[in-house]
Amino acid sequence: MDLFKIISAIEKVDPEVYERLDSRRRVFKHFGMAGKAVTAAVLPGLVSGIFQRAYGQTTSLSPDIVAVLNLALSLEYLEFYFYDKGLNTPGLIAPADRPAFETIRNDESGHIKVLRGALGNAAIPDPTAAAFDYSGGRGSMTGPFAPALVNDYALYLGSSQAFVDTGVRAYKGGAPTLMPNPDLLEAALNIHSVEARHSSHVRTIRRGLSASQSGQAATTIAGDLANLSGKTGRPKSWVSGIENGGPSPSTDPSTAPVYNAGVPASGGPTDLFFPAESNITQANVNIMTNTTGVTMTMDAATEAFDEPLDPATVKSIARNFVVPSSGLFV
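Description of the structure in this document.

Procedures and definitions
Residues numbered from 1 in each chain as written. Predicted model: local features only at pLDDT ≥ 70, side-chain atom pairs only at ≥ 80, totals over all residues. Heavy atoms only, no water. Helix = DSSP H or I, 4+ residues; strand = E, 2+ residues; numbered from the N terminus. Buried < 20%, exposed > 50% of the residue type's maximum accessible area, 1.4 Å probe, protein only. Lys, Arg positive; Asp, Glu negative; His and termini not counted. Salt bridge = Lys/Arg side-chain N within 4 Å of Asp/Glu carboxyl O. Axes fitted to C-alpha atoms, helices over the stretch in contact; angles between N-to-C directions. Parallel < 35°, antiparallel > 145°, perpendicular 65-115°, else oblique. Left-handed = near helix turned anticlockwise from the far one by under 90°. Contact = heavy atoms within 4.5 Å. Nonpolar A, V, L, I, M, F, W, Y, C, P; charged D, E, K, R; others polar. 1 Å grid on protein atoms, 1.4 Å probe; cavity = no way out; pocket = protein on both sides within 12 Å on 5 of 7 lines; lining within 4 Å. Points joined across faces, edges and corners; volume = space filled by probe spheres on them. Polar contact = N/O pair within 3.5 Å; in protein donor to acceptor, adjacent residues only side chain to side chain. Core = buried A, V, L, I, M, F, W, Y, C linked by side-chain atoms within 4.5 Å. Phe/Tyr/Trp six-rings, centres within 6.5 Å; stacked < 30°, edge-to-face > 60°.

Thoughts on the side chain of E79
Phase 1: The residue E79 is located in helix 4 (residues 63–87) in this model.
Phase 2: With no salt bridge to any partner, buried E79 finds its closest opposite charge in R203, at an N-O distance of 12 Å.

Section: the packing of helix 4 against helix 7 (residues 182–210)
Phase 1: Packing of helix 4 against helix 7 leaves a shortest axis separation of 13 Å and a crossing angle of 25°. When the axis of helix 4 is compared with that of helix 7, the two are roughly parallel. Considering the relative orientation of helix 4 and helix 7, their crossing is left-handed. Packed against helix 4, whose contacting residues are I65, L69, E76 and E79, the element helix 7 presents L184, I191 and E195 at the interface.
Phase 2: Looking at side-chain class alone, the contact of helix 4 with helix 7 contains four nonpolar, no polar and three charged residues.

Points about empty space enclosed by the protein
Phase 1: For the structure on display, the rule yields three cavities of 30 Å³ or more.
Phase 2: Estimates place the volume of the largest cavity at around 80 Å³.
Phase 3: Taken together, L75, L78, E79, A162, F163, T166, G167, I317, A318 and F321 form the lining of the largest cavity.
Phase 4: Breaking the lining of the largest cavity down by element, the ones donating at least two residues are helix 4, helix 6 (153–178) and helix 9 (311–318).

Here's the deal with the environment of R105
Phase 1: Relative to the helices and strands, R105 is located in helix 5 (residues 98–119).
Phase 2: Among the residues examined, R105 registers a relative accessible area of 19% and is labelled buried.
Phase 3: Taking the C-alpha atoms as reference points, R105 and Y81, 24 residues apart in sequence, are found 8.1 Å from one another.
Phase 4: The contacts of R105, once residues within four sequence positions are left out, are F80, Y83, D84 and L87.
Phase 5: A polar contact of 3.3 Å, which involves the side chain of R105, links it to the side chain of N106.

Quick look at the nonpolar core
Phase 1: Among the nonpolar cores identified, the biggest contains 59 residues, and F101, F132 and Y156 are the most heavily contacted of them.
Phase 2: Secondary-structure elements contributing two or more residues to this core are helix 4, helix 5, helix 6, helix 7 and helix 9.
Phase 3: When residues no more than four places from it in sequence are discounted, the contact partners of Y156 are F82, Y83, G86, L92, I93, F101, A148 and L149.

Here we look at the packing of helix 5 against helix 7
Phase 1: Here helix 5 crosses helix 7 at 160°, and the two axes come no closer than 11 Å. Considering the angle they form, helix 5 stands roughly antiparallel to helix 7. Read as a crossing pair, helix 5 and helix 7 show a hand that is left-handed. Where helix 5 approaches helix 7, its residues A100, F101, I104, D107, E108, H111, V114, L115 and A118 are matched on the opposing element by L184, A187, I191, V194, E195, H198, H201, V202 and I205.

Quick look at the packing of aromatic side chains
To describe a pair of aromatic rings, one takes the distance between the centres and the angle between the planes.
Phase 1: Tallied over the entire structure, the rule returns 13 aromatic pairs.
Phase 2: Centre to centre, the rings of F80 and Y81 are 5.1 Å apart; their planes meet at 75°, and the pair counts as edge-to-face. Like Y81, F80 is buried.
Phase 3: These aromatic residues form a ring-pair network of at least three members: Y77, F80, Y81, F82, Y83, F101, F132, Y134, F145, Y156, F163 and F321.

Brief notes about the pattern of salt bridges
Phase 1: Tallied over the full model, the rule gives six salt bridges.
Phase 2: A salt bridge links R98 to E102; the shortest N-O distance between them is 3.9 Å. Taken as a pair, R98 and E102 lie in helix 5 at a separation of four residues, close to a single helical turn.
Phase 3: Residues joined by salt bridges that share partners form a network here, namely D165, R203 and E243.

What about unusual backbone geometry?
Phase 1: A cis geometry characterises the amide bond from D252 onward to P253, with omega recorded as 10°.
Phase 2: At the junction of V263 and P264, the peptide bond is cis and its omega measures out at -5° in the coordinates.
Phase 3: With respect to the helices, strands and loops of the structure, P264 is situated in the loop between helix 7 and strand 1 (281–282).
Phase 4: With phi around 70°, T128 is a residue other than glycine that occupies positive phi space.
Phase 5: Owing to a relative accessible area of 37%, T128 belongs among the partly exposed residues under this scheme.
Phase 6: The residue F329 is not glycine, and still its phi comes out positive at about 60°.
Phase 7: Note that F329 resides in the segment after helix 9.
Phase 8: F329 sits in the buried class, given a relative accessible area of 4%.

So this is what it looks like as structure tokens:
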């Protein structure tokens, strides 16, 4: 009996078998076979275990984990349909920037697939594009961001930044709940870092647009700190403080909550802590304290660390961009 031939045969009828097994390099790790001889006696049990791993749920997810993953899934749908709509709006996205946004949209599709696979029957239904109101009007379709999917590329980029920065903080906030399940935690962290790279790229394009350059070519950040606010602002490639309230701080809804404190904003050592992005204390250490010979400014101290955001605050931000009857972010 050749185990590799068996799996190869399965792969022919189920091309996704390796995804079900996590990855090729981890096929055997889950069955405690490291350092043991694979004999004819143990092989049937090993194969059975692999099949269970690939095609069956041996343990159920806790309600808390299901809630965290479904919140992440809801945010991924919000982003996927946002980018898909933008790409299908004639003349909205600059031709030079379309390949990047196609990649970002496809990344979101991949994230959806993984989260749905992890949740199984507990996953929320696909809400479809009709569930979202990207105007920020909670279903009215007349909110302050309405031009973003019509003819205002600057506002589209600002909205994109706000969405992805919310998602990055949400994944970070949900990580402690996933710690009992290392596989899910690893998958969430893999998604989290990619979302952060999406944010960095969107910020680069925003800088280029405000400087009347191609977003792909704009690398200068001169004057960024003086021009952070407003939908045509020039942000850095990373979060700096509370971003002057974000791309649209004076609208209703405002993007300011994306960068401000969550709930609770402070607490004792056993409490979850969701400070604003302007936080300069990490692990009870003031980052501005000179301990390395480098004097850090307030901006530099806030840029060196990102902050998590609690589910309640994430939902309150996202509810502005969905139709109430959708049932999302309740």
